[in-house]
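Each chain, written out:
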Amino acid sequence: MTDEDVAPEQGELAITRTGDRLRLAREAAGLSLADVATRTRITQRHLAAIEKSDFSELPGRTYVTGFARAYARAVDLPEAEIGAAVRQELEEDAYGSRPLYEAYEPTDPARLPTARLTWTLVVIALVLVSAYGVWRFLSVEPDEALIAAQNRAAEASEAPQSDAAATPATRAGTAAVAANAPVVLTGLSEVWIGFDDAQGKTENWRTLDAGETYQVPPEYIEQFTLRTSIPQALKVTVGGRDVGAIGPADTLVKGVSLKPADLVASTEGGGSAPATGPRPKG
């Protein structure tokens, strides 16, 4: 037997990444990347990155597992198993990217760091710690005090107002928007959007390219809330009316009500849409 006769088996044994499993399942099903993109509403560029296990090309770690699970469903692979494998690869990549420690020989003065270098490293470390703290503040789940404050604000905004107490802007906005007004999402640049159920679990998602529009189905408006991590790349209109930004730039926003009256009310009186909507109870 020649080496060429065993090459296929060696090639199969070399397949260890989750992306390879997904690609082989897609090819076995006779599907192209375009077919999977149609089924999952994920761009072909992101699907190709998943097949290469090149997660740096994806929008963020928050969505890598979700994209991989959607791909798995499209090619009839166990999505829970694929999701766990991708999370493991992310941890391995993070560990592998850490710089190796190289000890200095105390008897070799030429290798000892200078005082200037030491202070430079300390300053860099402080800057990195500060940047990480800002990132955590903007991206992690809000703490209990913030959640309670948001819930109190939501309950206060939902309390009935008399005609005498309601401002002219509030009365005008309520009368101007119809309950069945179309809600349309438009990508100003490539943007990932998700639809969460009452427990905050993302049940459906899609990617909008620049200039692509998506009219939210009526059943989504009643059942789901909106989330995205690039709010400045998403334009939201209600009955053709631009409701403005739904959150600060490059910040994860979620729990945004899709009901026309709620979207319009969020900008009445010159205000802007909240960064996050009230957390669903339950």
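The structure under discussion appears in the preceding block.
Residues numbered from 1 in each chain as written. Predicted model: local features only at pLDDT ≥ 70, side-chain atom pairs only at ≥ 80, totals over all residues. Heavy atoms only, no water.

**Student:** How should the packing of helix H3 (residues 33-40) against helix H4 (residues 44-51) be read in this particular structure?
**Tutor:** Packed helices, taken two at a time, are described by the angle between their axes plus the distance between the axes. In contact at an axis separation of 9 Å, H3 and H4 are set at 110° when each is read in the N-to-C sense. Considering the angle they form, H3 stands roughly perpendicular to H4. Remark: the crossing between H3 and H4 carries right-handed chirality. Between H3 and H4, the contacting residues are Leu33, Ala34, Val36, Ala37 and Thr40 on the first element and Gln44, Leu47, Ala48 and Glu51 on the second. Its residues placed into classes, the contact of H3 with H4 shows six nonpolar, two polar and one charged. (Axes fitted to C-alpha atoms, helices over the stretch in contact; angles between N-to-C directions. Helix = DSSP H or I, 4+ residues; strand = E, 2+ residues; numbered from the N terminus. Parallel < 35°, antiparallel > 145°, perpendicular 65-115°, else oblique. Left-handed = near helix turned anticlockwise from the far one by under 90°. Contact = heavy atoms within 4.5 Å. Nonpolar A, V, L, I, M, F, W, Y, C, P; charged D, E, K, R; others polar.)

**Student:** Sorry if this is basic, but what is going on with the side chain of Thr65 here?
**Tutor:** Within the element layout of this structure, Thr65 appears in helix H5 (residues 61-74). The contact partners of Thr65, leaving out residues within four places of it in the chain, are Gly83, Val86, Arg87 and Leu90.

**Student:** Explanation requested: the sheet that holds strand S4 (residues 213-215) in the structure shown.
**Tutor:** Sheet strands line up and pair through hydrogen bonds in the backbone, either parallel or antiparallel. Judged by pairing direction, the sheet is antiparallel, and its four strands sit side by side in the order S4-S1-S6-S7 without closing on themselves. On the outer flanks of this sheet lie S4 and strand S7 (241-242), each paired with one strand and no other. As defined by bridge partners, strand S1 (residues 183-187) adjoins strand S6 (residues 234-238) across five bridges and the pair is classed as antiparallel. Paired with Val184 across the strands is Thr237, a residue of S6. (Pairing = 2+ DSSP bridges.)

**Student:** In this structure, what is going on with the sheet that holds strand S3 (residues 202-208)? I would like to understand it.
**Tutor:** Taking strand neighbours across the sheet as the criterion, the four strands line up as S3-S2-S5-S8 in an open arrangement whose pairing is antiparallel. Among the strands making up the open sheet, the edge pair consists of S3 and strand S8 (253-257). When the angles between neighbouring strand axes are averaged without regard to direction, this sheet yields 25°.

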